[in-house]
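Secondary and tertiary structure notes
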Amino acid sequence: MAAIYSLYIINKSGGLIFYKDYGSSGRMDTNDSLRVASLWHSMHAISQQLSPTTGCQGIELLEADTFDLHCFQSLTGTKFFVVSEPGTQHMDNLLKVIYELYTDYVLKNPFYEMEMPIRCDLFDINLTQAIQKDRVALLGR
């Protein structure tokens, strides 16, 4: 079974700009993935405002019985989150690798328009390789 179920990238306005499903069962349709992204964006924003600590960056980890949701927010407000098996470790490192791939292959692409859905073959190829490397590393732990 895959350690990573799915990956979402949300722009600063809360729009889903990238979604990739890695799980073999329980695939969501497009409307469900849009709802999850919108809900997460709202929960993340509310958590920043309601946090009792100053400088809170929002929810970084949501643990449930059947999945964990790990989130990384860039300085520009773009959110990257991975839904994974419960108890999966080191997802923060994977999210930073995904962010680096995003900056290298999406933001540096002269044909990409900011805040629009990501359609970049090099990003997809390198993302798949990074996810596969992470799965191999998880098996070795």
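About the criteria used
Residues numbered from 1 in each chain as written. Predicted model: local features only at pLDDT ≥ 70, side-chain atom pairs only at ≥ 80, totals over all residues. Heavy atoms only, no water. UniProt positions renumbered as here; feature names shortened; annotations may be inferred. Pairing = 2+ DSSP bridges. Helix = DSSP H or I, 4+ residues; strand = E, 2+ residues; numbered from the N terminus. Axes fitted to C-alpha atoms, helices over the stretch in contact; angles between N-to-C directions. Contact = heavy atoms within 4.5 Å. Polar contact = N/O pair within 3.5 Å; in protein donor to acceptor, adjacent residues only side chain to side chain.

- As annotated in an unreviewed UniProt entry, the protein chain is Trafficking protein particle complex subunit from Cephalotus follicularis.
- Per its UniProt entry, the protein chain bears the Subunit (unreviewed entry) comment "Part of the multisubunit transport protein particle (TRAPP) complex."
- You can read under Sequence similarities (unreviewed entry) in the UniProt record for the protein chain the words "Belongs to the TRAPP small subunits family. TRAPPC4 subfamily."

**So, the sheet that holds strand S4 (residues 68-73)**
- Strand order in the open sheet formed by 5 strands is S2-S1-S5-S4-S3, and the pairing between neighbours is antiparallel. The open sheet has two edge strands, strand S2 (16-21) and strand S3 (61-63), and neither has a second partner. Mean inter-strand twist for the sheet, computed between neighbouring axes without regard to direction, equals 10°.
- Bridge analysis of strand S1 (residues 4-10) against strand S5 (residues 79-84) gives 6 bridges, and the strand direction is antiparallel. Among the inter-strand pairings, leucine 7 is bridged to a residue of S5, identified as valine 82.
- Each of S1, S2, S4 and S5 touches helix H2 (residues 91-107); the most contacted strand, S5, lies at about 135° to it.

**Quick look at the side chain of aspartate 68**
- Here aspartate 68 is to be found in strand S4.
- Side-chain polar atoms of aspartate 68 contact the backbone nitrogen of glycine 87, separated by 2.8 Å.
- Other than its neighbours up to four places away in sequence, aspartate 68 contacts Leu61, Leu62, Glu63, Val82, Val83, Ser84, Glu85, Pro86, Gly87 and Thr88.

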